[in-house]
Amino acid sequence: MKNLTAGGANNRSRHSEPATSNHSGNDFNNFMNYFWNYTDMPESITENLEPHIRVVENKDSVKVTAELPSIPEDKIDLQISADGYLSISGEKKDTNISSADNSYFSEISYGMFKRTIPLPWDLAYDNAAATYTNGVLTVLIPKTQVEKQKFKKIAIKTTSKN
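No experiment lies behind these values; they were computed from the predicted model shown.

### Overview of the overall build of the chain
The helix and strand tally for the chain stands at three helices and seven strands. Written out in order from the N terminus, the α and β elements of the chain read α-α-β-β-β-β-β-β-β-α. Buried positions account for 23% of the 162 residues belonging to the chain. In the chain, 55% of the contacts between residues at least 6 apart in sequence involve partners at least 24 apart. Of the roughly 12,800 Å² of accessible surface on the chain, a fraction of 50% belongs to carbon and sulfur atoms.

### Observations regarding the sheet that holds strand S1 (residues 52–57)
Taken in spatial order, the four strands make up an open sheet running S1-S2-S7-S6, and their pairing is antiparallel. Two strands lie at the open edges of the sheet, namely S1 and strand S6 (129–133), each paired on one side alone. The sheet shows a mean angle of 15° between the axes of neighbouring strands, taken without regard to direction. Sheet topology places strand S2 (residues 61–67) next to strand S7 (residues 136–142); seven bridges connect them, and they run antiparallel. Each bridged residue has a counterpart across the sheet, and for Glu67 the counterpart in S7 is Val136.

### Comments concerning the side chain of Lys143
Inspection of the secondary structure assignment puts Lys143 in the loop between S7 and helix H3 (145–148). A distance of 2.5 Å separates a polar atom in the side chain of Lys143 from a polar atom in the side chain of Glu57. A distance of 2.8 Å separates a polar side-chain atom of Lys143 from the backbone oxygen of Asn58. Discounting residues that sit within four places of it in the chain, Lys143 has contacts with Glu57, Asn58, Lys59, Asp60, Ser61, Val62, Trp121, Asp122, Leu123, Ala124 and Lys148.

### A word on the confidence of the model for the chain
For the chain, per-residue confidence averages 75 on the pLDDT scale, and 62% of positions sit at 70 or higher. Considering only residues more than four positions removed or in separate chains, one finds that residues 1–23, a stretch of pLDDT under 50, has 22 contacts. Low pLDDT, under 50, characterises residues 37–46; the predicted model gives this stretch two contacts beyond four residues in sequence or across chains.

### Overview of the pairing of strand S3 (residues 76–80)
Where S3 lies against strand S4 (residues 85–92), five bridges are found, and the strand directions are antiparallel. Within S4, the position partnered with Gln79 by the bridge is Ser87. The turn linking S3 back onto S4 is made up of four residues, and Gly84 within it adopts a positive phi angle of 90°.

Calculation notes
- Residues numbered from 1 in each chain as written.
- Predicted model: local features only at pLDDT ≥ 70, side-chain atom pairs only at ≥ 80, totals over all residues.
- Heavy atoms only, no water.
- Helix = DSSP H or I, 4+ residues; strand = E, 2+ residues; numbered from the N terminus.
- Buried < 20%, exposed > 50% of the residue type's maximum accessible area, 1.4 Å probe, protein only.
- Contact = heavy atoms within 4.5 Å.
- Areas by Shrake-Rupley, 256 points an atom, 1.4 Å probe, with all protein chains shown as cover.
- Pairing = 2+ DSSP bridges.
- Axes fitted to C-alpha atoms, helices over the stretch in contact; angles between N-to-C directions.
- Polar contact = N/O pair within 3.5 Å; in protein donor to acceptor, adjacent residues only side chain to side chain.
- pLDDT = per-residue confidence, 0-100.

Dropping the structure here:
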């Protein structure tokens, strides 16, 4: 029997002895810890539900993209506040729950999620638009004229050294 640890089936530290085939209680504990590390469980559950976000800015707008796989559009709530925070929340429900099923192992997470993204630009929130295609939410928020005029290109002149 191989010594199973949280790092993988053949993970050995520099100072450990090779795995032996004594069928001690530690082998079973290591096996259980490999699959169910209770100290990591709460963090990994929330990480699985929290959408991955990309925020891209161009001269005219800000685009926020969020991955929300397997979440129906009607379970997503999208809000933007006047002080510049975009909130994406929703719920992923398990629709295949059956009392006859005896699940052995599952890494599929279900529950509620919420992600708030600060938007540090002067944006035209009333003109924001969102689309949802194949599990990807895209929010496009145009910049105001004030924001568009905040930056000016500065020309760089080359000088020769004498």
